[in-house]
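Each chain, written out:
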Amino acid sequence: MTASTDLLLQKIQGCLYGGAIGDAMGAPAEWRMPDEIQARYGYITDLVESWDEANVRGRGNGRYTDDSHMAQLLCECYIERGDHLDAHEFFRRIVPKMALEDRWIPEYEREMPLVERLFYPEKWLYNRWLANADPRNAGVGNMVNCGAAMYAAPVGIVNACDPARAYAEAVDVFSAHQVSFGLEAAAVQAACVAEAFKPKASVSSIIDAALSVAKDGTADCIAAIAEKASTVTDWRTAIGPLREVMREYDTSPDDAKSERGNGTDDWTPSRARSIEEVPIALGFLVVTGGDYEGVIMGGTNYGRDNDSIAGMGGAIAGALHGIDALRPEWVEQINSANRIDLKPIAADMAALTRKLQARQLAAARQRQTAFEALGG
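Residues numbered from 1 in each chain as written. Predicted model: local features only at pLDDT ≥ 70, side-chain atom pairs only at ≥ 80, totals over all residues. Heavy atoms only, no water.

What about the overall build of the chain?
- Of regular secondary structure, the chain possesses 17 helices and two strands.
- Computed over the C-alpha atoms, the radius of gyration of the chain is 19 Å, within 12% of the 21 Å expected from 2.2 N^0.38 for a compact globule of 376 residues.
- Considering only C-alpha atoms, the chain reaches an extent of 70 × 45 × 45 Å along its principal axes.
- Burial analysis of the chain (376 residues in total) assigns 59% to the buried set.
- Taking the intrachain contacts of the chain between residues at least 6 apart in sequence as the baseline, contacts between residues at least 24 apart amount to 74%.
- Entry remark: accessible area of the chain is about 14,800 Å², with carbon and sulfur atoms responsible for 50%.
- Between the centroid of the 37 positive side chains of the chain and the centroid of its 54 negative side chains there is a distance of 4 Å. (Helix = DSSP H or I, 4+ residues; strand = E, 2+ residues; numbered from the N terminus. Rg over C-alpha atoms; globule rule 2.2 N^0.38 Å. Buried < 20%, exposed > 50% of the residue type's maximum accessible area, 1.4 Å probe, protein only. Contact = heavy atoms within 4.5 Å. Areas by Shrake-Rupley, 256 points an atom, 1.4 Å probe, with all protein chains shown as cover. Lys, Arg positive; Asp, Glu negative; His and termini not counted. Charge placed at Lys NZ, Arg CZ, Asp CG, Glu CD.)

As structure tokens, this is what we get:
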């Protein structure tokens, strides 16, 4: 099959590039507020230059962040394993890739271990690996944030069309990294990506899939955000209303750029809270009717952790529509700016996903045969 007729491959390419483009679009203005973004760029509707034009390095011009690097490492873990992952396989495979393998980091324009680039809650994986922690509870004690959700899309890919299984696998895998509503967000993100692979998936079916698995504050937040989003049809005018709803569930205040961590309850597990990024990404999916460009532009101009919001929304919308929904010049710029080609990774993930589905089908048939023998 060719890329033009292989819908699964098209969707995986759309998911990986869709997330990377969203990440890169949001990156220059990460943790800026909407008014700051508009004063600097107007609305961001393209892969813009660095916030400080004099800084030829750093974010901007299509350079993506650790979100995309981690998603690629997780794909590599799946491909090398040739199977589904659990907390143990994930933990022992991804940490050496983070810490011991050099890769091109575009913000620094050099080869270096990714762990040197990561934020503290992502470095937690490395610290817990050094401490020989039990993988299934290594995430306990970490700052509760979107650090796992930001690269959860590959779990949805290998469980394409099966959001319940994607959710369950993500809970297992990311228990090595996150806890509480941070773990919940990663699992819901994986479920949404898996749902988006269905040939007849829609915005409504993705929201339904999220709500069918989400628990506690995350479920309440997604429902409230989706309800508000359904009353707005322009991502520009949706920014304020969505943030207003989010405040009830959020753990970081509006001045979170300088107040994150010990200055807030970011560290605290909760059954009433939700991280911001996944519900807001889903909100822009509703506002725009699933339009890929609208989703990532809404997430980018929302500000705050906008690279993760746009990256998560981009991965879902990219999986929903496939690579053809993405501007070719954006794909080319991602490749050039980050010295990457995601199509070979996408092809390997497509082959693995098909193999796993065939294995699951064979197992289901064997189980059916066993049940027939049990009689009754």
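Read on, since the account is not over.
A short note on the nonpolar core
- Met70, Ile94, Leu125, Tyr151, Phe174 and Leu282 are the most contacted members of the largest nonpolar core, which totals 126 residues.
- Per element, the largest residue contribution to this core is twelve residues, and it comes from helix 8 (residues 180–196).
- Setting aside anything within four residues of it in sequence, one finds Leu282 in contact with Cys192, Ile206, Ile207, Ala210, Ile222 and Ile316. (Core = buried A, V, L, I, M, F, W, Y, C linked by side-chain atoms within 4.5 Å.)

Focus on the packing of aromatic side chains
- The full count for this structure, using the stated rule, is seven aromatic pairs.
- Centroid distance Phe119 to Tyr120: 5.7 Å. Interplanar angle 45°. Geometry classified as tilted.
- Seen from their ring centres, Tyr151 and Phe174 are 5.3 Å apart, and the 90° between their planes marks the pair as edge-to-face. Here Tyr151, found in the loop between helix 5 (120–130) and helix 6 (153–158), pairs with Phe174, found in helix 7 (residues 163–174); they are 23 residues apart in sequence, far enough to count as distant. (Phe/Tyr/Trp six-rings, centres within 6.5 Å; stacked < 30°, edge-to-face > 60°.)

Structural notes on the side chain of Asp307
- Tracing the backbone shows Asp307 in helix 15 (residues 306–321).
- Apart from the residues within four sequence positions on either side, Asp307 is in contact with Gly22, Asp23, Gly26, Ala27, Glu30, Thr65 and Asp67.

Thoughts on the environment of Asp134
- By the element assignment, Asp134 lies in the loop between helix 5 and helix 6.
- Along the chain, Asp134 and Ser175 lie 41 residues apart, while their C-alpha atoms are 10.0 Å from each other.

A look at helix 14 (residues 292–302)
- Helix 14 sits mainly inside the fold: ten of its eleven residues count as buried.
- In this structure, the buried side of helix 14 is in contact with helix 1 (7–26), helix 2 (34–41), helix 11 (235–246), helix 13 (277–287), helix 15 and helix 16 (328–338).
- Of the residues flanking the end of helix 14, it is Gly303, one or two places downstream, whose phi is positive at about 80°.

Examining the pairing of strand 2 (residues 110–113)
- Inspection of the sheet shows strand 1 (residues 102–105) paired to strand 2 by four bridges, in the antiparallel sense. Looking at the pairing, Asp102 lines up with Pro113 of strand 2.
- Hairpin connection of strand 1 to strand 2: four residues between the antiparallel strands, including Glu109 at a positive phi of 55°. (Pairing = 2+ DSSP bridges.)

Concerning the packing of helix 1 against helix 15
- Between helix 1 and helix 15, whose axes approach to 6 Å, the crossing angle comes to 160°. Taken together, helix 1 and helix 15 sit at an angle that is classed as roughly antiparallel. Here helix 1 and helix 15 pass one another in a crossing that is right-handed. Taking contact as the criterion, the partners of Lys11, Gly14, Cys15, Gly18, Gly19, Gly22, Asp23 and Gly26 in helix 1 are, on helix 15, Asn306, Asp307, Ala310, Gly311, Gly314, Ala315, Gly318, Ala319 and Leu320. (Axes fitted to C-alpha atoms, helices over the stretch in contact; angles between N-to-C directions. Parallel < 35°, antiparallel > 145°, perpendicular 65-115°, else oblique. Left-handed = near helix turned anticlockwise from the far one by under 90°.)

Concerning the side chain of Glu277
- Note on placement: Glu277 falls in helix 13.
- Not counting residues within four places of it along the chain, the set of residues in contact with Glu277 comprises Cys146, Asp305, Ser308, Ile309 and Met312.

Here we look at the confidence of the model for the chain
- When pLDDT is averaged along the chain, the result is 94; 94% of the residues meet or exceed 70.
- The secondary structure element of the chain with the lowest average pLDDT is helix 12 (residues 256–259), at 52, and the one with the highest is helix 6, at 99. (pLDDT = per-residue confidence, 0-100.)

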